[in-house]
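If you want the building blocks of each chain, they are given just below.
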Amino acid sequence: MVGQKLLGAIKGHAGVAVGVGVALIVTGVLAICAPFVAGVSVMLVIGSMLIVGGVALCLLALRVGAFGLGMPLLMIGVLMLLAGVFVVSRPVAALASMTVLLAAYLMISGVVELFAGFNARPEDGWGWMVASAVVTLLLGLMLWRQFPISGVWAVGTLFGIKLLMSGASMTSIGMAVRRGVRTIETATKR
């Protein structure tokens, strides 16, 4: 009885992994089809998060004592707030700056995923993790080499490709878990 509940829970989470993977694939395709819109959207989200974080830090600084111990918090909060306002008010201009940051993110993320993929061997889905890592690393390098021309289209396109590959990896892993659970269920019914 307990074993069946555990298998059901694992199977349920595999379905969530497959669902998340499919959602990432769809989102990635949409971003690739409209890279400028996706890039501007990413900038607006980042700018909004900076504004919220900046306001929160400023409020904390005021609670702590803005002109005493809270001065560093106030300075960081104001800087975050100004950066957020800049990004939200000029999302297209922010794309060029973000291109360099995205290139660095993709290269670092690719290296981390590569190690994770090879460490997951021989489990099902490890090849997809490695493939996702290689594509991510190559995208980062490509973006870096084509800067500044790539600034307008690259953020949306590369983010879409990254989402697509992550979705394929997540879907593959979730389906492998489902197959494993089915095998265990079949074996326990005998």
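Note that the structure is a prediction, hence the values are computed from the model and not measured.

A.B. asks: What is the right way to read the overall build of the protein from this model?
C.D. replies: Each helix and strand in the protein was counted, giving six helices and zero strands. The N-to-C order of helical and strand elements in the protein reads α-α-α-α-α-α. A globule of 190 residues ought to have a C-alpha radius of gyration of about 16 Å, yet the protein, at 22 Å, is considerably larger. Taking the principal axes of the C-alpha coordinates as reference, the protein spans close to 70 × 45 × 25 Å. Each of the 190 residues in the protein was classed as buried or not, and the buried ones make up 34%. By element, 77% of the accessible surface of the protein is carried by carbon and sulfur atoms, the whole surface being about 11100 Å². One finds the centroid of the 12 positive side-chain charges in the protein at a distance of 8 Å from the centroid of its 4 negative side-chain charges.

A.B. asks: What exactly am I supposed to notice about the nonpolar core here?
C.D. replies: It is characteristic of soluble globular proteins that their nonpolar side chains tend to be buried jointly. Within the largest apolar cluster, 15 residues are counted, with the highest numbers of intra-cluster contacts made by Met43, Leu95, Leu102, Leu106, Leu143, Val155 and Leu158. Counting residues per element, the ones that place at least two in this core are helix 2 (35-64), helix 4 (91-119), helix 5 (126-145) and helix 6 (154-189). Take this core: its biggest share by element is six residues, from helix 4.

A.B. asks: Before we go on, may I ask you to explain helix 3 (residues 71-89) in this structure?
C.D. replies: An α-helical turn contains 3.6 residues, so a residue and the one three or four places further along point in the same direction. Under the 1.5 Å per step criterion, the end-to-end length of helix 3 is 27 Å for 19 residues, consistent within 8% with the ideal 27 Å. Looking only at helix 3, the buried set comprises Leu74, Gly77, Gly84 and Val87. Taken around the axis of helix 3, the buried residues stretch over an arc of 160°, which confines them to a single face. Every exposed residue of helix 3 that faces more than 90 degrees away from the buried side is listed here: Met75, Leu79 and Leu82.

Parameters and conventions
Residues numbered from 1 in each chain as written. Predicted model: local features only at pLDDT ≥ 70, side-chain atom pairs only at ≥ 80, totals over all residues. Heavy atoms only, no water. Helix = DSSP H or I, 4+ residues; strand = E, 2+ residues; numbered from the N terminus. Rg over C-alpha atoms; globule rule 2.2 N^0.38 Å. Buried < 20%, exposed > 50% of the residue type's maximum accessible area, 1.4 Å probe, protein only. Areas by Shrake-Rupley, 256 points an atom, 1.4 Å probe, with all protein chains shown as cover. Lys, Arg positive; Asp, Glu negative; His and termini not counted. Charge placed at Lys NZ, Arg CZ, Asp CG, Glu CD. Core = buried A, V, L, I, M, F, W, Y, C linked by side-chain atoms within 4.5 Å. Expected span 1.5 Å × (residues − 1). Arc of directions from axis to C-beta.

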